[in-house]
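Here is what each chain is made of, one letter per residue.
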Amino acid sequence: MIKLTRLDGEVFVLNADLIQFVEARPDTFVTLTTGHRLVVAETMDEVLRRAVAYQQAKHLIPLPTPRRSTP
C-alpha cells in the first residue's frame, strides 16, 4: 500500500499491486488494472519510487517460521 494525494489535497492509500500505468500529462495519472484512473499530486517519479519501495518491502518481510517444540 502506498500513500498518495489527490489534487484537492485529500490523502488516500492505494494498493500498489493494482497499478498498471503511471503517466505525466502534465498531471500524474495512475491507471489501475481495474480500469479506474486517478489523478494525483505526486510526480510520476515519486509514484514509481513509492511503488518500488512497497514491492521491495513486501518481499523483504520474512515469513513466520513454525515453532519447534522441545521434548
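## Some thoughts on the pattern of salt bridges
1) Next: Counted under the stated rule, the structure contains 7 salt bridges.
2) Next: With a closest N to O distance of 3.5 Å, R6 and E10 form a salt bridge.
3) Next: Since its relative accessible area comes to 41%, E10 is described here as partly exposed.
4) Next: R37 is the salt-bridge partner of E23, the closest N and O atoms lying 3.3 Å from each other. With E23 in strand β3 (residues 19–24) and R37 in strand β5 (residues 37–40), this pair connects stretches of sequence that are 14 residues apart.
5) Next: The class of R37 is partly exposed, set by a relative accessible area of 43%.

## Focus: the nonpolar core
1) Next: Counting residues in each nonpolar core, the largest one holds 12 residues, listed as I2, L4, F12, L14, A16, V30, L32, L38, V40, V47, A51 and Y54.
2) Next: Of all the secondary structure elements, the ones that give two or more residues to this core are β1 (2–5), β2 (11–14), β4 (28–32), β5 and α1 (44–60).
3) Next: Among the elements that line this core, the one with the most residues is α1, at 3 residues.

## Digging into unusual backbone geometry
1) Next: Residues R25 and P26 are joined by a peptide bond in cis, for which omega reads -5°.
2) Next: You can see P26 is positioned in the loop between β3 and β4.

What counts, and where the lines are drawn
Residues numbered from 1 in each chain as written. Predicted model: local features only at pLDDT ≥ 70, side-chain atom pairs only at ≥ 80, totals over all residues. Heavy atoms only, no water. Salt bridge = Lys/Arg side-chain N within 4 Å of Asp/Glu carboxyl O. Buried < 20%, exposed > 50% of the residue type's maximum accessible area, 1.4 Å probe, protein only. Helix = DSSP H or I, 4+ residues; strand = E, 2+ residues; numbered from the N terminus. Core = buried A, V, L, I, M, F, W, Y, C linked by side-chain atoms within 4.5 Å.

So yeah, pure geometry; function would need other evidence.
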